[in-house]
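Geometric and topological summary
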Amino acid sequence: MVEKRTPLPVAEAVERVLEHAMSLGAEKVELEESYGRILAEPIIASSDVPPFDRSPYDGFAIRSVDSTGASGDNRVAFNVIDHIGAGEVSTKKLAPFEAIRIMTGAQLPEEADAVVMFEQTVESVESVTIRKPFGAVENVSLQGEDLKKNEVVIASGSFINPGTIALLATFGYSQVAVSKQPVVGILSTGTELLSVGDDLAPGKIRNSNGPMIVAQLKRMGLHCKMYGMSIDQLDESYEVVKKAAAETDCLITTGGVSVGDFDFLPAIYERLGAEVLFNKVAMRPGSVTTVAVANGRYLFGLSGNPSACFTGFELFVRPALLKMMSASKLYLPHTTARLGEDFTKANPFTRFIRALYNGDTVSPAGFNKSNAVSSIARGNALIVLPGGTRGYQSGDAVDVLLLGVEEGSDRWTL
Ligand SMILES: Nc1nc2c(c(=O)[nH]1)N[C@H]1C(S)=C(S)[C@@H](COP(=O)(O)OP(=O)(O)OC[C@H]3O[C@@H](n4cnc5c(N)ncnc54)[C@H](O)[C@@H]3O)O[C@H]1N2
Ligand code: MOO
Ligand SMILES: [Mg+2]
């Protein structure tokens, strides 16, 4: 008799997986290598930003008090005593009705407290005149206006984006403490599988899940160990899984997790003495997604069906790997959008439909069965239709999970 499996609601399954994430500790990397990593310590401002009062314009630095009463009929004249560009510091100190020609980014000279843009002046050989009064600190970028020294600027656990890199550089971090990355292995199971370079043969298909997962990891900035393909033979598969599991923090297998005569992953987990967290999730595709833990390491048994495999990775593997790296935002970002076309199938389980989101509407990305490959490639999002619903009409508001976004969300919002 076929084994009866109890489906777990998706959110519960995700949380159960996350409970078992072990953290990996930190390491230092060069700043140039840190893009896409997770910060393992907060960034503290080591100086004010900007570190000195400076000119935001090309123009003239003046004492604002000297401009009092300036108007079209009463132009005030300044004697220009110096000329500085960014990186230069004037040694001169402004006396009444003196100005220093100053370029954007240059430190404000002593006594100067306002900047007049070139466009607001009339220049002659001996002086420069202005026609309106300037207030104190008018047109001045003040020291610390962006960030104050000792401020916590970015929290530990944040994704290092290009802006984070700019901050790290600003504060002189030539090396950055980042979370270590998990060692992830990929094994594709299935006697039907051919390598990418092989010709098709009767009953066989090329392994597309393996390369797809490599790319899903890559877009998280992660590398992986490849364990290739194994045929559906219990002893042989067991040996490969055992070896791979011992060498990795997280082993992702594809295929062989359902109830078929050649689906050996359940037996392999048993032989390994692994704790199976669940082997059925109330979702489609990916209902057979199985997650087990052995010696504190993850064994993700993703479905062999490509769309189920893809979805299983995004929903379960991705947040688990992020949690291992102590990231603060574990989940796919979520939005709502108008459905671009009718979707009339009933949903006993929560349905994840590969879809194209354009910022307003979201539409299924074509052939959408669990075995689909095409809609994975054509989509950039997943429509989420809750279980127990009877189908949706074009124009209905639906939940959408966004794929391929650098940094996710700190909440499971569905
Ligand atoms: N009696 C039942 N049969 C099935 C059930 C069920 O509940 N009762 N569940 C179905 C569902 S849902 C899915 S999903 C699949 C899951 O199957 P497995 O995870 O065991 O995967 P396989 O049987 O190995 O393969 C399924 C399918 O995917 C193709 N495949 C496998 N690996 C790859 C790969 N690396 N690249 C591309 N395609 C791959 C494989 O050839 C099969 O067509 O089970 C249903 N059956
Ligand atoms: O696990 Mo299956 O993908 O629900 O169709
Ligand atoms: Mg199967």
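What counts and how
- Residues numbered from 1 in each chain as written.
- Chains lettered and ligands numbered in written order.
- Predicted model: local features only at pLDDT ≥ 70, side-chain atom pairs only at ≥ 80, totals over all residues.
- Helix = DSSP H or I, 4+ residues; strand = E, 2+ residues; numbered from the N terminus.
- Rg over C-alpha atoms; globule rule 2.2 N^0.38 Å.
- Contact = placed C-beta atoms within 7 Å.
- Pairing = 2+ DSSP bridges.
- Axes fitted to C-alpha atoms, helices over the stretch in contact; angles between N-to-C directions.
- Near = placed C-beta within 6 Å.
- Core = buried A, V, L, I, M, F, W, Y, C linked by C-beta atoms within 7 Å.
- Buried ≥ 20, exposed ≤ 12 C-beta atoms within 10 Å, placed from the backbone.
- Domains from an automatic or database assignment.
- pLDDT = per-residue confidence, 0-100.
- Arc of directions from axis to C-beta.
- Expected span 1.5 Å × (residues − 1).
- Bend = angle between axes of the 7 residues up to and from the residue.
- Nonpolar A, V, L, I, M, F, W, Y, C, P; charged D, E, K, R; others polar.
- UniProt positions renumbered as here; feature names shortened; annotations may be inferred.

Some thoughts on the overall build of the protein
Of regular secondary structure, the protein possesses seven helices and 24 strands. Over its C-alpha atoms the protein spans a radius of gyration of 30 Å, topping by over 25% the 22 Å that the globule rule assigns to 414 residues. With the principal axes as the frame, the protein shows a C-alpha extent of 100 × 50 × 40 Å. Long-range pairs, those at least 24 residues apart, make up 70% of the contacts in the protein between residues at least 6 apart in sequence.

Focus: the sheet that holds strand 5 (residues 98-102)
Strands sit in the order 6-3-5-4-8-7 across an open sheet of six strands; the sheet is mixed. Looking along the sheet, the strands with just one partner apiece sit at the ends: strand 6 (114-117) and strand 7 (121-123). Each adjacent strand pair in this sheet contributes to an overall mean axis angle of 35 degrees, direction not counted.

A look at the site of ligand 1
If you check the shell around ligand 1, you find 27 residues, and the closest are Asn209, Gly255, Ser258, Ser303 and Gly304. Sorting the residues of the shell around ligand 1 by element identifies helix 3 (209-218) and helix 6 (306-324) as the ones contributing at least two each.

So, the nonpolar core
Counting 80 residues, the largest nonpolar core has Ile252, Phe300, Val362, Ala381, Leu382 and Ile383 as its most contacted members. The element contributing the most residues to this core is helix 6, with 11 residues. Once residues lying within four places of it in the same chain are set aside, the contact partners of Ala381 are Ala355, Leu356, Tyr357, Val362, Val400, Leu401, Leu402 and Leu403. Counting 20 residues, the second-largest nonpolar core is a separate cluster that includes Phe78, Ile84, Ile102 and Ala106.

Details of the domain arrangement of the protein
Segmenting the protein into domains produces domain 1 (10-24 + 181-323), domain 2 (29-46 + 151-179), domain 3 (59-130) and domain 4 (334-402). Of note, the centres of domain 3 and domain 4, computed from C-alpha atoms alone, are 61 Å apart.

Some words on the confidence of the model for the protein
The predicted model of the protein averages 97 in pLDDT, with 100% of residues at 70 or higher. Scored as a whole, the predicted complex attains pTM 0.95, and scored at its interfaces, ipTM 0.98.

So, the environment of Lys148
Positionally, Lys148 belongs in the loop between strand 8 (128-130) and strand 9 (152-154). On the basis of neighbour count, Lys148 is assigned to the partly exposed category, with 13 C-beta atoms found within 10 Å. When the C-alpha atoms of Lys148 and Asn358 are compared, they prove to be 39 Å apart, with 210 residues separating the residues in sequence. For Lys148, the residues in contact, after removing those within four places along its chain, are Ala45 and Asp48.

Some details on helix 5 (residues 265-272)
Taken as a whole, helix 5 has its buried residues at Leu265, Pro266, Ile268 and Tyr269. For helix 5, the angular spread of buried residues about the axis comes to 160 degrees, placing them on one side. Phi turns positive one or two residues past the end of helix 5, at Gly273, with a value near 70 degrees.

Quick word on helix 6
Spanning 19 residues, helix 6 covers 25 Å between terminal C-alpha atoms, matching the ideal 27 Å at 1.5 Å per step. The largest bend along helix 6 reaches roughly 35 degrees and is located at Phe313. Following helix 6 by one or two positions, Ser326 has its phi on the positive side, about 55 degrees.

Structural notes on unusual backbone geometry
Of the consecutive residues Val49 and Pro50, the connecting peptide bond is found in the cis state with omega at -10 degrees. Along the chain, Pro50 falls in the loop between strand 2 (43-44) and strand 3 (59-62). Of the consecutive residues Arg284 and Pro285, the connecting peptide bond is found in the cis state with omega at 0 degrees. Within the secondary structure, Pro285 sits in the loop between strand 17 (283-284) and strand 18 (290-294). Non-glycine residue Glu111 carries a positive phi angle of around 80 degrees. The residue Glu111 is located in the loop between strand 5 and strand 6 in this model. A positive phi angle, close to 50 degrees, is found at Asn295, a residue other than glycine. On the basis of neighbour count, Asn295 is assigned to the exposed category, with 9 C-beta atoms found within 10 Å.

Let's talk about the site of ligand 2
If you check the shell around ligand 2, you find Arg284, Pro285, Gly286, Ser287, Val288, Ser303, Asn305, Ala308 and Ser370 and nothing else. Split into classes, the residues belonging to the shell around ligand 2 amount to three nonpolar, five polar and one charged.

Side note on the UniProt feature "domain: MoaB/Mog" (unreviewed entry) in the protein
Mapped onto the present numbering, the UniProt feature "domain: MoaB/Mog" (unreviewed entry) falls on residues 185-323. Taken end to end, residues 185-323 is 36% helix and 27% strand, and its two terminal C-alpha atoms sit 17 Å from one another.

Quick notes on the sheet that holds strand 18
In a beta sheet, neighbouring strands pair by backbone hydrogen bonds and run either parallel or antiparallel. Here six strands make up an open sheet; going across it, the order is 14-11-15-19-18-16 and the pairing mixed. Looking at strand neighbours, the two that pair on one side only are strand 14 (225-230) and strand 16 (275-278), the edges of this open sheet. Averaged over all adjacent pairs, the angle separating strand axes in this sheet is 20 degrees, with direction ignored. Strand direction decides the pairing type here: strand 16 and strand 18, joined by three bridges, are antiparallel. Bridge pairing in strand 18 places Val276 opposite Ala292. This element, helix 3, spans strand 11 (184-189) and strand 15 (250-254) of the sheet and lies at about 160 degrees to strand 11. Strands in contact with helix 5 are strand 15, strand 16, strand 18 and strand 19 (297-302); relative to strand 18, the strand with the most contacts, it is inclined by about 15 degrees.

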